[in-house]
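Each chain, letter by letter, is given below.
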Amino acid sequence: MDRNSPPPKRRSNKLSLFDFALFGLVLALVVYVVWRVNDVLVYDWNWSRVAGFIARVDQDTGQLIPNILLEGLLTTIRLAIWATILASIIGGVMGYWRQCNSLALRIISRAYVELIRNIPPIVFIFIFYFFISSQLFPLIGLNAINSENPFASSSLFYILFGNPKLFENFIAGVVCLAIFEGAYITEIVRAGIQSIVKGQWEAARAIGLSHINVLRDIIIPQAIRKTLPPLAGQFITLIKDSAIVSLISIQELTFMAIEVAATTTRVFETWILVGLMYFFLCYSFAYFFGYLEQRSARSKQ
């Protein structure tokens, strides 16, 4: 844009006649779809049988406690948080390797990215769970965790990892998701590092900074700011991708939904409710990350 050109016009927040017409068209489409569903399916909706699986009253204390759908949602959040942490570590290391001077490290990171990105997630999860984790976890003792251990039986352990009896399955799901999502974070990190202009590397070297100091003080802080928005999007994607670990009997939200649908025979109600739970969870994180991005942008001004 030329320096003397006028600034772009501010977007209007007022609704025009076209906006009302468009909203009316969307509403009419929704009403038509709902009418067609009821007309074609002739389905007897019963939401009460499914809603009871969100929370229940404890017979001993009389308090309202999470039921299996809400417990599955909490497991999904745990999976997403721990897998994002591990995937960020993997992606950070591999992303740096993707553009470092060592040919061997570039080949290893490139092979990792291409292997993961070109294998279907379901195939990768089955290969990892049945051929890798089943052999690796017993060697490091993850299958022999003592549920009577004070820490394993504490509320903190339950908050962080869930039921200690299912700890091995939980870790398998975390590692599966982390390895899979780490390949995409690798490319995000690589792009963030390569977006820093070459002149900054040369200027830092010219004043006598070592390679480590250049990365720590100049390159990585700028790369982090550039990669935070796509990393936030990757976290939301990981929440949705966590549904595939239900195939290896990890009791997250989708696995619990399958159980509820089979128990109640209320298939449509169950999956609509679970879809709304996923939507509100992902939208909440998207809104939160958007708020942080706007706040960060205001702090730079």
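The structure under discussion appears in the preceding block.
These figures come from a predicted structure and were not determined experimentally.

Cut-offs applied
- Residues numbered from 1 in each chain as written.
- Predicted model: local features only at pLDDT ≥ 70, side-chain atom pairs only at ≥ 80, totals over all residues.
- Heavy atoms only, no water.
- Salt bridge = Lys/Arg side-chain N within 4 Å of Asp/Glu carboxyl O.
- Helix = DSSP H or I, 4+ residues; strand = E, 2+ residues; numbered from the N terminus.
- Buried < 20%, exposed > 50% of the residue type's maximum accessible area, 1.4 Å probe, protein only.
- 1 Å grid on protein atoms, 1.4 Å probe; cavity = no way out; pocket = protein on both sides within 12 Å on 5 of 7 lines; lining within 4 Å.
- Points joined across faces, edges and corners; volume = space filled by probe spheres on them.
- Nonpolar A, V, L, I, M, F, W, Y, C, P; charged D, E, K, R; others polar.
- Expected span 1.5 Å × (residues − 1).

A. Spotlight on the pattern of salt bridges. By the definition in use, this model includes five salt bridges. Salt-bridge contacts for Arg 190 lead to Glu 187; the nearest nitrogen and oxygen are separated by 3.2 Å. Of this pair, Arg 190 and Glu 187 both sit in helix H7 (residues 167-194), three residues apart, roughly one helical turn. Its relative accessible area of 19% is what places Arg 190 among the buried residues. Judged by relative accessible area, which is 15%, Glu 187 ranks as buried. Salt bridges here are not isolated pairs; linked through shared partners, they connect Arg 98, Arg 117, Glu 187 and Arg 190.

B. Quick peek at empty space enclosed by the protein. Throughout the structure, instances matching the rule amount to one cavity of 30 Å³ or more. Here the largest cavity is characterised by a volume of approximately 30 Å³. If you trace the largest cavity, you find it lined by Thr 84, Ile 185, Leu 231, Gln 234, Phe 235 and Leu 238. Here the residues of the lining of the largest cavity sort into four nonpolar, two polar and no charged.

C. Main features of H7. Compared with an ideal rise of 1.5 Å per residue, which puts 28 residues at 40 Å, H7 spans 39 Å between its outermost C-alpha atoms and is within 8% of the ideal. Counting buried positions along H7 gives 24 out of 28 residues, so the element sits mostly inside the fold.

The values are spatial; any link to function lies outside them.
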